Amino acid sequence: MGWAAVTAVLVAATPVFLTRGDLTPEAALRAEADEAWRALEARYVAEAGGAPERAPATLTLRRGEGLLPSRDGQGRPGMVELRQNAPGVLDARLRRALRHELAHQLLWWACPASSEDRLFHEAFALAVSGELAEWREAPYQSLASATEVLTRLPEVDTPRARRALARVLTEDTGFPRALTRRLRQCHRGTRWTVPLSVEELAGVGARAVASATVVLSRHSGEVLLSEGDVRAAMPYGSTLKPFVVAASPTPPPVLPARGDAAEWACGEGRPARLDAREALLRSCNGYFLDWAGTGSAPEGFGPWGPVLAAVGLSGEPLDMADAIGLRSSLHLSAWGLAQAYRLLAEARPDLLEVLGDSAARGTLAGLPVSGALGGVAAKTGTVRDAESRPVLGWIVAVDADVVVVLARPGRMPRAFAQEVSDVLARVRRMRAGLEAARVQVLGLVAPDVLEARCRGLGFVLEGGVPRTVGAAFTRLAPLVARGPVVCLGSPWRVRLPEAPEGRDYAGVFTWAPPPPYVPPAGVPTSPSALKARRGSDVLFRTTRAQYTAGVVTAEDAGLKGEARVALARVVAHDERQGDSRHPGRPVCDTTHCQAFRGTVRVQPEDERALRAPALRWRGWLPFSRGGTAPWREERARAQVEAVLGRGATAVRFAEGRVHFLRTRGEGGAVFDAPEQLPCEVLRSALKLPACPRTAVSEGTRVVFEGQGQGHGEGLDVEAAKARGWSHERLLDDAYGSR
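Conventions and cut-offs
- Residues numbered from 1 in each chain as written.
- Predicted model: local features only at pLDDT ≥ 70, side-chain atom pairs only at ≥ 80, totals over all residues.
- Heavy atoms only, no water.
- Pairing = 2+ DSSP bridges.
- Helix = DSSP H or I, 4+ residues; strand = E, 2+ residues; numbered from the N terminus.
- Axes fitted to C-alpha atoms, helices over the stretch in contact; angles between N-to-C directions.
- Contact = heavy atoms within 4.5 Å.
- Core = buried A, V, L, I, M, F, W, Y, C linked by side-chain atoms within 4.5 Å.
- Buried < 20%, exposed > 50% of the residue type's maximum accessible area, 1.4 Å probe, protein only.
- Parallel < 35°, antiparallel > 145°, perpendicular 65-115°, else oblique.
- Left-handed = near helix turned anticlockwise from the far one by under 90°.
- Phe/Tyr/Trp six-rings, centres within 6.5 Å; stacked < 30°, edge-to-face > 60°.
- Salt bridge = Lys/Arg side-chain N within 4 Å of Asp/Glu carboxyl O.
- Arc of directions from axis to C-beta.
- Polar contact = N/O pair within 3.5 Å; in protein donor to acceptor, adjacent residues only side chain to side chain.

Strand order in this open sheet of three strands is E25-E26-E27, and the pairing throughout is antiparallel. Lying at the two open borders of the sheet, with one neighbouring strand each, are strand E25 (648–654) and strand E27 (669–678). The average angle at which neighbouring strand axes cross in this sheet is 25 degrees, direction not considered. Of the strand pairs in this sheet, E25 and strand E26 (residues 657–666) are connected by five bridges, and their pairing is antiparallel. Looking across to E26, one finds that Phe653 is bridged to Val658. On the sheet, helix H24 (residues 637–644) packs against E25, E26 and E27 and is oriented at approximately 75 degrees with respect to E25. Packing against the sheet, helix H25 (residues 679–686) makes contact with E25, E26 and E27, and its axis sits at approximately 80 degrees to E27.

And the structure:
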């Protein structure tokens, strides 16, 4: 659409300008404002890619009272104040100030998300008001000096700051590319998560870099290590190339390598033709540029664009050179890069498998540390200056459990590759239980009452494609049925009728319905027990440390010392025994396995337990709350007979089983036959605190008496707290005869 056509289309979008007689001539001023607005909005549409849908508000133009000598105008939404040096004269200074202030008014209308971004507002106003030509005539100022002024001065609309800002803006030929990206962000309604920076405006010439190290858990998402300025947005080099490949809706092409282009200098032994796999391993710029030239490459980052924007990418790439970091106009922090790779690892394990060869035959091959990095998915990136010197090096490394991001100023990635191995080892020394733990969750709760929300950045992965999840509570089951759901930067908050305030679940939910459950013949099973033994449609993955701490806390939130270490070792052991409770499935989160009610803070005792050697006993190790507190419970005889059978008498308890007589008839004879069941069947069905010691019939009621809580087998938690023994002795006492 040509500029004339754009202007014609937008005439109806011009606001009504009101004057009050203190600026004259009024008609000429309104005409000047109308013409300026149409030009400004045409520029906005041309750069942003479209016009806002709503009409602009009425604008009042009035004489400024108390304007500082350095200002010819100022404003707030809906109001513009101007200095008029002579009544009836619309001189050049007033016209320039009018255009400048109308530029702010246009942004307040068209891009309200940027209202608090003062640098963006002032840069746009300078770029569109015609002032840049005047500033270019001022005495020369170096780019470094201008950057220093803008970084140091809190105000951006003083003459000194405007001069510095104009110097930065003139680094780009034509309309500043950084402003174009931000205007497109406005038009698409993307959240304004990161303010415009001087470095983003200046591009290569004025960027700041910092050392940063961040390590995330792939499973729980928690930050395991953070050093340096991990939130500083910096040019990201080649680190986002995998996201370009992930964005492609069709398989990327195989392309011939060209010897006449420096971008195709992709390491020794480069094949004559490259596919995306080889291009990623070699980080070959030429492949990606030529792919864009075919017209089949994705635009920007495709469905991964909202993900990268959400984690802090400073703007949208205008072309492939922007996307793959050949230009340093876009920025992302080490934290944001780690979050994005966590989601990529969940969505596209095939790409992680490709990057797993980086140390063998990619950009990290042939180094002393390469052998130690075998199988670690790695992507390097280098930001260079105009003389091709390294300004910033990046390494992203992903293993089975963690995401590592290293940023090192002035260094090539190969020069600090050893640090990847060192950081991986250090994190595992610092934190135990980083490997994955899986658990079937919330199977006893009706799916239609489960709701979840992500207080960070929520995504559901449909066929490997990320879709944004809103910030409000939403039904969990339909969400998980679409694909794995991941919350970046925060745990999931899940609420259900018994916990309306919600519980935290730091990890990944997936949908995996269990096979039909058939109860053993002759064993009475309550509806609740049937649900528990069937398992859940929803699986949850977190770390072993988070899982272990969650189960121990669910059993006894106040448990400390050696008793907690003992119980935590048993819990961690049983997490690996899920097949004995649910064949082919992980453990469940009910007392059929071991209770788990979300993730909690990991205690030092939990860490000690996870660092201890594996327990020598095999199979499932039972434990119970235990204790010696007496209890007395009554149940209707009909409830008891529903479990033991009609006519059950002489009920007694021994060695974890319930023994009783039941009247039978056979061949015309009637007799009492002895039968028995695991006591846990009776206890669970009748919801008794523990396996009883006695049962006495009193008419239509049965009175049970016992002590403690739980099935009474294995580790007795209450007894363990009272004894004061070491955790090794407690475990030997509980399981030594097994």
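Core analysis: the biggest nonpolar cluster contains 68 residues, and Tyr287, Phe288 and Phe301 have the highest contact counts within it. Among the elements that take part in this core, helix H15 (residues 334–347) stands out by supplying nine residues, more than any other. Beyond its immediate sequence surroundings of up to four residues, Tyr287 is in contact with Pro252, Pro253, Leu255, Trp264, Leu274, Asp275, Ala276 and Ala279.

The next point concerns the packing of helix H21 (residues 544–555) against helix H22 (residues 561–575). The contact between H21 and H22 brings their axes to 9 Å, and the two run at 120 degrees. Classified by the angle between their axes, H21 and H22 sit oblique to one another. The hand of the H21/H22 crossing is right-handed. Taken together, the residues of H22 that come into contact with H21 (itself represented by Arg544, Tyr547, Thr548, Ala549, Val551, Val552, Thr553 and Glu555) are Arg564, Leu567, Ala568, Val571, Ala572, His573 and Glu575.

Right, let's get into the packing of aromatic side chains. This model, assessed by the stated rule, comprises 14 aromatic pairs. When the ring of Trp617 is compared with that of Tyr735, the centres are 5.7 Å apart and the planes differ by 55 degrees; the resulting orientation is tilted. Note that Trp617 is positioned in the loop between helix H23 (604–611) and strand E23 (623–624) and Tyr735 in helix H27 (residues 727–735), a separation of 118 residues in sequence. Relative accessible area serves as the criterion here: at 8%, Trp617 is assigned to the buried category. Ring pairs connect the aromatic residues Tyr505, Phe509, Phe540, Tyr547 and Phe596, which therefore count as one cluster.

Further remarks concern the pattern of salt bridges. According to the stated counting rule, one finds 54 salt bridges in the structure shown. One salt bridge connects Glu227 with Arg426, and the closest N-O pair in it is separated by 2.9 Å. Pair noted here: Glu227 is in strand E6 (residues 223–228) and Arg426 is in helix H18 (residues 418–430), with a separation of 199 residues, a long-range link. Where Glu705 meets Arg632, a salt bridge forms, and the shortest distance between an N and an O atom there is 3.5 Å. Separated by 73 residues along the polypeptide, Glu705 in strand E29 (residues 701–709) and Arg632 in strand E24 (residues 626–636) bring together distant segments of the chain. On the basis of relative accessible area, Arg632 is assigned to the partly exposed category, the value being 48%.

Those residues of H27 lying buried are His727, Leu730, Leu731, Ala734 and Tyr735. Along the axis of H27, the buried positions cluster into a sector of 100 degrees, meaning they face one direction only.

Turning to the side chain of Asp401, a few remarks are in order. Note on placement: Asp401 falls in the loop between strand E10 (390–398) and strand E11 (402–409). The exposure class of Asp401 is buried, given its relative accessible area of 11%. Of note is the side chain of Asp401, whose polar atom sits 2.8 Å from the side chain of His219. In this structure the side chain of Asp401 is engaged in a polar contact, spanning 3.1 Å, whose partner is the side chain of Arg428. What Asp401 contacts, discounting residues up to four positions off in sequence, is Leu216, Ser217, Arg218, His219, Arg428, Leu434, Glu435 and Ala436.

Attention now goes to the sheet that holds strand E1 (residues 17–19). The four strands lie next to each other as E1-E2-E4-E3, forming an open sheet whose pairing is mixed. Here the strands that pair on one side only, and so sit at the sheet edges, are E1 and strand E3 (73–76). Strand after strand, the sheet turns through a mean of 20 degrees between neighbouring axes, direction not considered. Where E3 lies against strand E4 (residues 79–82), four bridges are found, and the strand directions are antiparallel. Note on E4: the bridge partner recorded for Gly75 is Val80. The strands touched by helix H2 (residues 26–48) within the sheet are E1, strand E2 (59–63) and E4, with E1 carrying the most contacts at an inclination of about 155 degrees.

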